[in-house]
Amino acid sequence: MEKLHHIVVVGGGAGGLELATRLGDKLGKRQKARITLVDAGLTHVWKPLLHEVASGSLDASTNEINYRAHARKHHYEFQLGEMGGLDRDKRQIVINPFHDEDGEEVVPERHIPYDTLVIAVGSTANDFGTPGAQENCMFLDSLHQARRFHNLMLNAFLRKNHEGELGRDHALPITIIGAGATGVELAAELRLASRELPVYGMNHLRPEDVSISLVEAADRILPALPPRLSVAATKELERQKVDVLTGQPVSEVRAQSIVMKDGTELPSDMTIWAAGIKAPAFLAELGLETTRGNQLVTEQTLQTTQDENIFALGDCAACPQPNSERPVPPRAQAAHQMADTLFKTLVNRLKGDEAVPFVYNDHGSLINFSRYTTVGNLMGNLSGRSMYIEGKVARLFYVSLYRMHQMALHGPLRTGVIWLMDKISRAMHPRLKLH
């Protein structure tokens, strides 16, 4: 194994895990290369589902993938830990010490050698330095944060239900800052939770007692998507009794309220930050070219500009595209496509062949409003035009995105079994996770 070409993939998100899986099945299984995946967590959950974990409409334990078990099945190695540094001269990455919940060191600092390094560490929320955001907001960057939010939400609902039983004021204002896809979909999921929980014994907390506000600095929600989608999404949120506040930059976040730029103060017992993303800060300290948002600048081949042995993919990569001044957008479908292209490049690399340039194909956007409806646009590959869809057809396409991710990780047979198990689980368990 020591003599094999060593490909190290840092980050087990959508793109990183798909890439490690395919490389393991193609190269690791045949002993043509050694594949190692590094991640700070033990399990993988598709990041676009974290808002469903947070609201309780998805049980993460039935949808997460254990890296160690998956590595064994797909012929790659797994290293638990967070990347903390890079030695390009020695071709080694530094993995920070791993500590348990009590702060005790479990595994000390390690150095992992590589021949080819792929950095796919995703992104984190960007609070733009807003005063009080870090102290008073909740974020949905990880499974741990989503689960924490879910527990806090259940406790808040329980507390307000008890106050209602005692005849006290029991209004629960919830604010989501940022009306991108995550913010919009989370608003719909939270509205569903407010309507479902009374069914399970919280009879003194009515849906109208839970006010949900969606605050966006731009003049419309979903500002990165076509205006028609924004209009449709706004109408649907208003139908679900979600207050949509556009053109409202947030200047400060307080413990029980948020303050707008014009001085307006909005009460908020729970505040979620979903406005913008940036790549992890440590990337700017690796000695590689980065953007202001800490993204690693790459060539079109996904090779970093200052080291041909280091590649980047997903949200942490700023990859140029022909005839465009903007890099590839940080979206799940982009990470999936990058993983596919980089797989071909790394297989070619072992043969001494050239790298494959990455060309992003925008297949459209889908916004899911929990169990209510789905809206979106699909891009026509031949015409270049988009087709607006909604309802059951849009929902079918939305669900298929996750199934495609599962197909890349498990293959068609196991994905079919997982789909059947999901159906059985939904028939047997409550609609919302209640603990």
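In what follows, the structure referred to is the one given above.
Residues numbered from 1 in each chain as written. Predicted model: local features only at pLDDT ≥ 70, side-chain atom pairs only at ≥ 80, totals over all residues. Heavy atoms only, no water.

Draft legend 1. Quick look at empty space enclosed by the protein. A complete count under the given rule lists one cavity of 30 Å³ or more for this structure. Surrounding the largest cavity, Gly314, Asp315, Ala317, Val328, Pro329, Pro330, Arg331, Ala334, Ala335 and Met338 form its lining. At three residues, the largest contribution of residues to the lining of the largest cavity is made by helix α8 (residues 332-351). Split by residue class, the lining of the largest cavity holds seven nonpolar, one polar and two charged. (1 Å grid on protein atoms, 1.4 Å probe; cavity = no way out; pocket = protein on both sides within 12 Å on 5 of 7 lines; lining within 4 Å. Points joined across faces, edges and corners; volume = space filled by probe spheres on them. Helix = DSSP H or I, 4+ residues; strand = E, 2+ residues; numbered from the N terminus. Nonpolar A, V, L, I, M, F, W, Y, C, P; charged D, E, K, R; others polar.)

Draft legend 2. Inspection of a nonpolar patch on the surface at higher detail. A cluster of nonpolar residues, Trp419, Leu420, Ile424 and Met428, forms a patch on the protein surface that exposes about 440 Å² of accessible area. Note on Met428: relative accessible area 63%, which makes it exposed. (Patch = residues over 30% accessible without salt bridge, like charges linked within 9 Å, V, L, I, M, F, W, Y side chains within 5 Å. Areas by Shrake-Rupley, 256 points an atom, 1.4 Å probe, with all protein chains shown as cover. Salt bridge = Lys/Arg side-chain N within 4 Å of Asp/Glu carboxyl O. Buried < 20%, exposed > 50% of the residue type's maximum accessible area, 1.4 Å probe, protein only.)

Draft legend 3. Representation of the side chain of Asn368 within the structure. By secondary structure assignment, the location of Asn368 is in strand β25 (residues 364-369). Note on Asn368: relative accessible area 1%, which makes it buried. A distance of 2.7 Å separates the side chain of Asn368 from the side chain of Thr374, its partner in a polar contact. Ignoring anything within four residues of it in the chain, the contact list for Asn368 reads Glu52, Glu185, Glu189, Thr373, Thr374, Arg395 and Tyr398. (Polar contact = N/O pair within 3.5 Å; in protein donor to acceptor, adjacent residues only side chain to side chain. Contact = heavy atoms within 4.5 Å.)

Draft legend 4. Layout of the sheet that holds strand β15 (residues 242-245). What the four strands build is an open sheet, ordered β15-β14-β13-β19; its pairing is parallel. Every other strand in the sheet has two partners, leaving β15 and β19 (270-273) as the edge strands with one partner each. Direction aside, the axes of adjacent strands within the sheet are offset by 20° on average. Looking at chain direction, strand β14 (residues 210-215) and β15 are connected through four bridges and run parallel. Across the sheet, the residue bridging to Leu214 is Val244, located in β15. Where helix α5 (residues 143-165) meets the sheet, it contacts β13 (172-177), β14 and β19, and its direction lies at approximately 155° from that of β19. (Pairing = 2+ DSSP bridges. Axes fitted to C-alpha atoms, helices over the stretch in contact; angles between N-to-C directions.)

Draft legend 5. Representation of the packing of aromatic side chains. Across all of its chains, the model carries two aromatic pairs by this definition. For the ring pair Trp46 and Tyr402, a centre distance of 5.4 Å and an interplane angle of 20° mean the geometry is stacked. One end of the pair, Trp46, is in the loop between β3 (43-44) and α2 (50-55); the other, Tyr402, is in helix α9 (residues 391-428), and 356 residues separate them in sequence. Judged by its relative accessible area of 11%, Trp46 falls in the buried class. On the basis of relative accessible area, Tyr402 is assigned to the buried category, the value being 11%. (Phe/Tyr/Trp six-rings, centres within 6.5 Å; stacked < 30°, edge-to-face > 60°.)

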